[in-house]
Amino acid sequence: MADISIKQEHQLPLSKAKEAAQQVADRMATEFDMATQWDGDVLSFKRSGVAGTLALRETEAQIDITLDFLFKAFAGTLEEKVARNMKKYFAEAA
């Protein structure tokens, strides 16, 4: 079960949603030193202590993040940052 799960509605065509997801991934890679990889419409990301996916659907994007024990203390802060970025790149881009 994910420690952080955020759904963000969007009205973007799938190609634009994928561009927005890549921007979220680029930001996470820079801020959190994460490796990312696409598999169809699902972006997987990972670093020591943190792993997750960003799945694109027709009208929403869902990010699920699993944290190891040491990172759980920062779950609230991470969730706020991720939610802000999801809104920025998906809702505001609509």
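Please read these numbers as outputs of a predicted model, since none were measured by experiment.

A. Structural detail: the packing of aromatic side chains. A full pass over the atoms with the stated rule returns zero aromatic pairs. Sitting over the face of the ring of Trp38, Lys18 holds its NZ or CZ atom 4.8 Å from the ring centroid.

B. Structural view of the pattern of salt bridges. On inspection of all chains with the given rule, the structure shows five salt bridges. Among the salt bridges present, the one from Glu60 reaches Arg57, with a minimum N-O distance of 3.5 Å. Classification of Arg57 by relative accessible area gives partly exposed; the value is 37%. In this structure, a network of salt bridges that share partners links the residues Arg27, Glu31 and Lys81.

C. Region of interest: the pairing of strand β5 (residues 60-67). Of all eight residues making up β5, six are buried, and the element is well covered by its neighbours. Note that strand β1 (residues 4-9) and β5 share six bridges and pair antiparallel. Its bridge partner lying in β5, Ser5 is registered against Asp64. Note: strand β4 (residues 50-56) against β5, seven bridges, orientation antiparallel. Considered in β5, the bridge of Leu54 is made with Ile63. Hairpin connection of β4 to β5: three residues between the antiparallel strands.

D. The sheet that holds β5, seen in detail. Across the sheet, which stays open at both edges, the five strands sit in the order β1-β5-β4-β3-β2 with antiparallel pairing between neighbours. One side of each edge strand has no neighbouring strand; the edge strands of this open sheet are β1 and β2 (35-39). Neighbour-to-neighbour, the strand axes of this sheet turn through a mean angle of 15 degrees, independent of strand direction. With six bridges connecting them, strand β3 (residues 42-47) and β4 associate as antiparallel partners. Across the sheet, Arg47 pairs through a bridge with Val50, a residue of β4. The strands touched by helix α1 (residues 14-32) within the sheet are β2, β3, β4 and β5, with β4 carrying the most contacts at an inclination of about 165 degrees. Set on the sheet, helix α3 (residues 75-91) makes contact with β1, β4 and β5; between it and β1 the angle comes to about 15 degrees.

E. Fine view of the nonpolar core. Judged by nonpolar contacts, the single largest core of 26 residues is most densely connected at Leu54, Ile63, Ile65 and Phe90. Residue assignment for this core shows that the elements contributing at least two residues are β1, α1, β3, β4, β5 and α3. Looking at this core, the element that brings in the most residues is α1, giving seven residues. If near-sequence neighbours (up to four positions away) are discounted, Phe90 is found in contact with Gln8, Glu9, His10, Leu12, Ala17, Ala20, Ala21, Val24, Leu54, Leu56 and Ala61.

Each value, and the rule that gives it
Residue numbers restart at each chain and count upward from 1, following the sequence in its written direction. Totals for whole chains, interfaces and linings use every residue, but because this is a predicted model, local features are given only for residues with pLDDT of at least 70 and side-chain atom pairs only at 80 or more, for both listing and counting. The basis for every side-chain value is the complete set of heavy atoms in the structure, and neither hydrogens nor water enter the calculation. Ring pairs are drawn from Phe, Tyr and Trp, using the six-membered ring of Trp, whenever the two centres fall within 6.5 Å, and their geometry is named by plane angle: stacked under 30 degrees, edge-to-face over 60, tilted for the rest. Put simply, a charge is over a ring when the Lys NZ or the Arg CZ is close to the ring centre, within 6 Å, and near the line of the ring normal, within 35 degrees. Any carboxyl oxygen of Asp or Glu that lies within 4 Å of a side-chain nitrogen of Lys or Arg is treated as forming a salt bridge with it. Each residue is assigned to one of three classes by its accessible area relative to the maximum for its type, calculated with a 1.4 Å probe on protein chains only: buried under 20%, partly exposed between the two thresholds, exposed over 50%. Counting from the N terminus, the helices are the DSSP runs of H or I reaching at least four residues and the strands are the DSSP runs of E reaching at least two. In this description, strands pair whenever DSSP reports at least two bridges between them. Every axis corresponds to a line fitted to the C-alpha atoms, with the helix fit spanning only the stretch in contact, and the corresponding angles, defined between N-to-C directions, vary from 0 to 180 degrees. The contact criterion used throughout is that any non-hydrogen atoms of two residues lie within 4.5 Å. To define a nonpolar core, start from buried Ala, Val, Leu, Ile, Met, Phe, Trp, Tyr and Cys residues and group those joined through side-chain atoms within 4.5 Å.

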